[in-house]
Amino acid sequence: AASTGQVHFATLLDGREVVIKIQYPEARGRFKSDFGNVARLMRLAIPSLVPMVMEVRRRFNSEFDYEREAQDMAAIAASLSDSSVGGR
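What this report covers is the structure whose coordinates are included nearby. Model, not experiment: these values are computed from the prediction. (Residues numbered from 1 in each chain as written. Predicted model: local features only at pLDDT ≥ 70, side-chain atom pairs only at ≥ 80, totals over all residues. Heavy atoms only, no water.)

Counting its secondary structure elements, the chain contains 3 helices and 2 strands. Taken from N to C terminus, the helices and strands of the chain fall in the order β-β-α-α-α. Its C-alpha radius of gyration of 18 Å places the chain more than 25% over the 12 Å reference for a compact globule of 88 residues. Considered along the principal axes of its C-alpha atoms, the chain spans approximately 55 × 30 × 15 Å. Expressed as a percentage of its 88 residues, the buried residues of the chain come to 14%. Within the chain, residue pairs in contact and separated by at least 24 positions form 29% of the contacts whose partners lie at least 6 positions apart. (Helix = DSSP H or I, 4+ residues; strand = E, 2+ residues; numbered from the N terminus. Rg over C-alpha atoms; globule rule 2.2 N^0.38 Å. Buried < 20%, exposed > 50% of the residue type's maximum accessible area, 1.4 Å probe, protein only. Contact = heavy atoms within 4.5 Å.)

Moving on: the environment of phenylalanine 60. Position of phenylalanine 60 among the secondary structure elements: in helix 2 (residues 50-61). Through-space distance from the C-alpha of phenylalanine 60 to that of tyrosine 24 is 15 Å; in sequence the pair is 36 residues apart.

This paragraph deals with the pairing of strand 1 (residues 5-11). Regular strands place their side chains on alternate faces of the sheet. Relative to strand 2 (residues 17-23), strand 1 runs antiparallel, the two sharing 7 bridges. Directly across from threonine 11, in strand 2, lies its bridge partner glutamate 17. (Pairing = 2+ DSSP bridges.)

Let us now look at the layout of surface pockets. For the second largest pocket, the calculated volume is near 180 Å³. Elements supplying a minimum of two residues to the lining of the second largest pocket: strand 2 and helix 3 (66-81). A total of 4 residues in the lining of the second largest pocket trace back to one element, the largest contributor, which is helix 3. Across the lining of the second largest pocket, the residue classes break down as 6 nonpolar, no polar and 2 charged. (1 Å grid on protein atoms, 1.4 Å probe; cavity = no way out; pocket = protein on both sides within 12 Å on 5 of 7 lines; lining within 4 Å. Points joined across faces, edges and corners; volume = space filled by probe spheres on them. Nonpolar A, V, L, I, M, F, W, Y, C, P; charged D, E, K, R; others polar.)

The next thing to look at is the side chain of threonine 4. By the element assignment, threonine 4 lies in the segment before strand 1. Within the structure, the side chain of threonine 4 is placed 2.9 Å from the side chain of tyrosine 66, a separation counted as a polar contact. For threonine 4, the contacting residues outside a window of four places in its chain are Ile22, Gln23, Tyr24, Ala27, Glu63, Phe64 and Tyr66. (Polar contact = N/O pair within 3.5 Å; in protein donor to acceptor, adjacent residues only side chain to side chain.)

Below is the structure:
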């Protein structure tokens, strides 16, 4: 699977609804291994693509930072609540 984890909806004991995102334990290791193999192949087959592969690796690696993702989502929600785009 190309997913880093699963998302679950839950209700806290105080009644608040939340979303919980759980990362597959093996996801980061598999990603690192797979991209390492792609980088080695590119070095041999098409060296000029190595910088692009490394940039894709760097950007995709951010998919494992769930705390940063939560911060980004909170910032977007705040921006939308302050604008007419958010429907308010």
